[in-house]
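Residues per chain are reported as follows:
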Amino acid sequence: MPSTENQATHLPPGAAEQLLDNMDVLVYVADMETHELLYVNEYGRAIWGEPRGRHCWEVLQNRTSPCPFCTNDQLVDDRGIPSGPHVWEFRNESNHRWYQCRDRAMRWPDGRLVRMEVATDITERKAAEEAAEEARRRADSLAREDVLTGLNNRRAFLERADLLLAAARRHQQPVAAILLDLDWFKHINDQYGHGAGDVVLQAVGEVIRSEGRQTDPSGRLGGEEFAIVMADASVDQARTLAERLRRRLAALAIESDGACLSVTASFGVATLSDPTETISTLLGRADQAMYRAKLAGRNRVEVA
């Protein structure tokens, strides 16, 4: 009578294949030298068809040449002896689904070295992970973006401006800052409502985005105040941009609930006074220049 140990550790003839055919994962075996498919379980045959002795890359990947991501070289040591399993994830080129693969080199009954792979479909898991990552990126973007204008909010602007200033110091480049504040903006809110004020702020954001360089941080600092920091820019270049923005804003005709709104802005321009100056002090001097523009009659550019 067979021992209990033998009954527990040895499957009846044909039971192993039956077991593999009832698994909801792909199991296949391929010759590591010729890439010929020697076995594919029922799960795999239902998706990719009968192997009929074809190469693994023909059947499983629908390729005309070996896969550049083949893991065979990672399944044996320097002496060609099978090593531990290799676990990895990839997107199948044939059906575009994601799989987690567990590959191992082993000896086939006829002595040849083969790769056995167990591949579990993780497409739904990857989709959930990608959705979660996209939600995280979106949340991070919203946390750094002024929702109304699409520009950087104050925090994001100052962070980007600090990075720009640090890079400019390393390369010994000049840096300029432009600060602008809309004129009589409270009157627009009082007369036409905050909805109209929001439309005006959105239009201002569009002008700043279209006129500024993509590499130069721009942002809404709060209320009706905006700022731009320019890398490798002289005071004349900053003044020129500020004047261009001033003219563009003054020429706007903004429609809101049947009303045609106009807006102007006062600008202050400042450049680095010394290499140790911070963004805060640079913007502070631009702010002082902007207030001089207000006192001088508004809708003008003043340089610190």
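Quick summary incoming for the structure in this document. (Residues numbered from 1 in each chain as written. Predicted model: local features only at pLDDT ≥ 70, side-chain atom pairs only at ≥ 80, totals over all residues. Heavy atoms only, no water.)

## Considerations on the packing of helix α7 (residues 185-192) against helix α8 (residues 194-211)
Step number 1: Their axes nearest at 6 Å, the elements α7 and α8 cross at an angle of 140°. The angle between α7 and α8 falls in the class oblique. Packed against α7, whose contacting residues are Phe185, Ile188, Asn189 and Tyr192, the element α8 presents His194, Ala196, Gly197, Val200 and Leu201 at the interface.
Step number 2: A class-by-class count of the residues in the contact of α7 with α8 yields six nonpolar, three polar and no charged. (Axes fitted to C-alpha atoms, helices over the stretch in contact; angles between N-to-C directions. Helix = DSSP H or I, 4+ residues; strand = E, 2+ residues; numbered from the N terminus. Parallel < 35°, antiparallel > 145°, perpendicular 65-115°, else oblique. Contact = heavy atoms within 4.5 Å. Nonpolar A, V, L, I, M, F, W, Y, C, P; charged D, E, K, R; others polar.)

## Some thoughts on the packing of aromatic side chains
Each aromatic ring pair is described using two quantities: the centre-to-centre distance and the angle formed by the ring planes.
Step number 1: Evaluated as defined, the whole model comprises four aromatic pairs.
Step number 2: Here the aromatic rings of Phe69 and Phe90 are separated by 5.4 Å at their centres, their planes lie at 40°, and the arrangement is tilted. Here Phe69 is found in the loop between α4 (56-61) and β3 (86-91), whereas its partner Phe90 is found in strand β3, with 21 residues between them in sequence.
Step number 3: Of the residues examined, Phe69 reaches a relative accessible area of 27% and is grouped as partly exposed.
Step number 4: Ring centres of Trp88 and Phe90 lie 4.8 Å apart, and the angle between their planes is 25°; on these two criteria the pair is classed as stacked.
Step number 5: Residue classification places Trp88 among the buried positions, given a relative accessible area of 16%. (Phe/Tyr/Trp six-rings, centres within 6.5 Å; stacked < 30°, edge-to-face > 60°. Buried < 20%, exposed > 50% of the residue type's maximum accessible area, 1.4 Å probe, protein only.)

## Digging into the nonpolar core
Step number 1: Within the largest apolar cluster, 32 residues are counted, with the highest numbers of intra-cluster contacts made by Ile178, Leu182, Val200 and Phe267.
Step number 2: Looking at this core, the element that brings in the most residues is α8, giving seven residues.
Step number 3: The contacts of Val200, once residues within four sequence positions are left out, are Leu182, Phe185, Ile188, Ile254, Leu261 and Val263. (Core = buried A, V, L, I, M, F, W, Y, C linked by side-chain atoms within 4.5 Å.)

## A look at the sheet that holds strand β12 (residues 301-303)
In any sheet, the strands associate via hydrogen bonds between backbone groups, in a parallel or an antiparallel arrangement.
Step number 1: Ordered in space as β7-β8-β6-β11-β12, the five strands form an open sheet in which the pairing is mixed. The outermost strands of the open sheet, each flanked by one partner alone, are β7 (218-222) and β12. Looking at each pair of strands side by side, their axes are set apart by 20° on average, direction ignored.
Step number 2: Pairing geometry for strand β11 (residues 265-271) and β12, over three bridges, is parallel. For Val269, the partnering residue across the bridge sits in β12 and is Val303.
Step number 3: Along the sheet face, helix α9 (residues 235-250) touches β6 (175-182), β8 (225-231), β11 and β12 and points at about 170° away from the line of β11. (Pairing = 2+ DSSP bridges.)

## What to know about the pairing of β7
Step number 1: Most of β7 is tucked away, with four of its five residues classed as buried.
Step number 2: Pairing geometry for β7 and β8, over four bridges, is antiparallel. Residue pairing across strands places Ser218 opposite Ile228, the latter belonging to β8.
Step number 3: Between β7 and β8, which pair antiparallel in sequence order, lie two residues; one of them, Gly223, sits at a positive phi of approximately 55°.

## Considerations on the pattern of salt bridges
Step number 1: For the structure shown, the criterion picks out 30 salt bridges.
Step number 2: Across the pair Arg97 and Asp121 runs a salt bridge whose closest N-O atoms are separated by 2.6 Å. One end of the pair, Arg97, is in the loop between β3 and β4 (98-107); the other, Asp121, is in strand β5 (residues 113-121), with 24 residues separating them in the sequence.
Step number 3: Since its relative accessible area comes to 27%, Arg97 is described here as partly exposed.
Step number 4: Put simply, Arg112 and Asp110 hold a salt bridge, and the shortest N to O gap is 2.8 Å.
Step number 5: Here the salt bridges do not stand alone but share partners, grouping Asp21, Glu42, Arg45 and Glu50 into one network. (Salt bridge = Lys/Arg side-chain N within 4 Å of Asp/Glu carboxyl O.)

## Examining the environment of Glu243
Step number 1: Topologically, Glu243 is positioned in helix α9.
Step number 2: In sequence terms Glu243 and Asp21 are 222 residues apart; their C-alpha atoms lie 75 Å from each other.

## Some thoughts on the sheet that holds strand β2 (residues 37-40)
Step number 1: The strand order across the open sheet formed by five strands is β2-β1-β5-β4-β3, and the pairing between neighbours is antiparallel. Looking along the sheet, the strands with just one partner apiece sit at the ends: β2 and β3. The average undirected angle you get between the axes of adjacent strands in this sheet is 25°.
Step number 2: Pairing analysis gives six bridges linking β3 to β4, with the strands arranged antiparallel. Its bridge partner lying in β4, Phe90 is registered against Tyr99.

## So, α7
Step number 1: The complete set of buried residues in α7 reads Phe185, Ile188 and Asn189. The buried residues of α7 occupy an angular sector of 95° when the element is viewed end-on, so they sit on one face. Residues Lys186, Asp190 and Gln191 are exposed on α7 and point more than 90 degrees away from its buried face.
Step number 2: On its buried face, α7 sits against β6, α8 and β10 (259-261).
Step number 3: Looking one or two residues beyond α7, the residue adopting positive phi is Gly193, at roughly 100°. (Arc of directions from axis to C-beta.)

Note that all results are geometric; they support no functional claim without further evidence.
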